[in-house]
Amino acid sequence: MPKLRVNPNRMELMKLRKRRTTAQRGHKLLKDKLDELMKEFLGRIGRTRALRSSVEKELAAAYGLVAIARAEAGRANLAQALSSGEPLDLIEVSERNVMSVRIPEFSVMELGQPGTYSLAETPAVLDSALGSLATVAPRLIKLAEREKAIELLAAEIERTRRRVNALEHVLIPQLTEAIRDITMKLEEAERGNLTRLMKVKDIIAAQEVANNEAAAKKAGRASE
Amino acid sequence: MDEMLRVAVVGDGTSVAGFRPLGFEVFPVREPVDARELWSTLTDGSYAVVMVTEPVWAEIADLAAEVIDNAIPAVTVIPGAGSPGGVGQEKLDHAIERALGTTSFIREEGE
């Protein structure tokens, strides 16, 4: 960890202390955010996993029915029957804010109505195949929404964790170290000053004693 | 941001055909790799959900990673007709790993 290069004076010390307080407050806030994100994230995972496995099962069953319909009607007939229908604007997208992560919410409008194909030329199983696809479709969209939310939360958790770690293991220790260095430098300077003053005082006192002795000798000689 | 958007389904003809009558926009591709050319259309903001079959996902995973942090489109893997499944779960695990650093803890909980 590189050391912060700072001038060892009181001004710098005050600045660094202020920065450290801010960093500590930010660290606490981010840590709380991370905890809350985690709670939200873990709560969603179980539900999404369950939804995915049930949707996959339903979808496989629907594919099975489509395959039977194809076998009965023939590829060309089936393709023709399924070529009806226009792409619709199916989903209304809104946003929800979870710990400042903007998560999309999808509400499904009415699905297209299958059934514009010739009932005479297609097998009955096609109706049930499309019926089961129509049942699974809203759940598929729900799954997409939940998985997206999980992905976005995961990204935010990763970012927040990095910030928390950077503050906890880099910035705050660096600032603490710099503050300690400056305090020690200042204390050392203070001690140096004190010692110098004591030394000067001793020298002055010694000079005064010498002066007094000299003066006393002079006075003695004069009286003789 | 309330707006009406579409749902796209990309995959082999057999898997996607059934979605068309429901109002989904289907993009049948002959080879999974052809989906790469469609990608810019799919991410132009007119699709809220892009469903891709597992073989297609294998080809476009790197492109999808670029839009993973955007709110839309939500890219979802669906098992195609005849593919084994499980890729979607893997994708979910990947997100969990990104957040927690591991998936083992969640797995134990789920089982």
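Since this is a predicted model, take the numbers as computed values, not measurements. Think of each chain on its own: its residues are numbered from 1, step by step along the sequence as written. The lettering of chains begins at A and the numbering of ligands begins at 1, in the order of writing. Only residues with pLDDT of at least 70 are given local features in this predicted model, and only at 80 or more are side-chain atom pairs given and counted; all residues enter the totals for whole chains, interfaces and linings.

Draft legend 1. Highlighting the overall build of chain B. In DSSP terms, a helix is any run of H or I states spanning at least four residues, a strand is any run of E spanning at least two, and both are numbered starting from the N terminus. A tally of regular secondary structure across chain B gives five helices and four strands. Each helix and strand of chain B, placed in order from N terminus to C terminus, yields the pattern β-α-β-α-β-α-β-α-α. Evaluated residue by residue, chain B yields a buried proportion of 46% over its 111 residues. Residue pairs at least 24 apart in sequence account for 58% of intrachain contacts in chain B once pairs closer than 6 positions are excluded. Exposure classification rests on a simple neighbour count of other C-beta atoms within 10 Å of a residue's own: a residue reaching 20 or more is buried, one at 12 or fewer is exposed, and one in between is partly exposed. C-beta atoms are placed from the backbone. Remark: residues whose backbone-derived C-beta atoms lie within 7 Å of one another are considered to be in contact.

Draft legend 2. Molecular detail of the environment of Leu 167 of chain A. Residues and elements named next belong to chain A. Examined against the element boundaries, Leu 167 turns out to sit in helix 3 (residues 124-223). In this structure Leu 167 comes out as partly exposed when scored by C-beta crowding, with 19 C-beta atoms within 10 Å. Counting along the chain gives 137 residues from Leu 167 to Leu 30, while the straight-line C-alpha distance between them is 9.6 Å. Contacts of Leu 167, omitting those with residues within four sequence positions, involve Ala 23, Gly 26, His 27, Leu 30 and Ile 172.

Draft legend 3. Just the confidence of the model for chain A, in detail. Considering every residue of chain A, the mean pLDDT works out to 88; 96% of them sit at 70 or more. Confidence scores labelled pLDDT are given residue by residue by the predictor and lie between 0 and 100. The element-level mean pLDDT for chain A is lowest in helix 2 (residues 75-82) of chain A, coming to 75, with helix 3 of chain A highest at 92.

Draft legend 4. Structural context of the interface of chain A and chain B. Facing the 51 residues of chain A at the interface are 39 residues of chain B. Put simply, the parts of the chain that give the side of chain A that touches chain B at least two residues each are helix 1 (10-73), helix 2, strand 1 (91-98), strand 2 (101-108) and helix 3 of chain A. Per-element accounting of the side of chain A that touches chain B gives the leading share, 19 residues, to helix 3 of chain A.

Draft legend 5. Spotlight on the pairing of strand 4 (residues 74-78) of chain B. All names here are of chain B. For strand 4, a buried count of five out of five residues is recorded, marking the element as mostly surrounded by other parts of the structure. Across the two faces of strand 4 the burial is the same, with Ala 74, Thr 76 and Ile 78 and Val 75 and Val 77 all buried. Being paired, for any two strands, means DSSP has found at least two bridges between them. Direction of pairing for strand 3 (residues 47-53) relative to strand 4: parallel, over a ladder of five bridges. Bridged to Met 51 within strand 4 is Thr 76. Whether a crossover is right-handed comes down to one check: with the strands pointing away from the viewer, does the path from the first strand over the helix to the second run clockwise; if it does, it is right-handed. For the handedness criterion, the β-α-β arrangement of strand 3, helix 3 (residues 54-66) and strand 4 is classed as right-handed.

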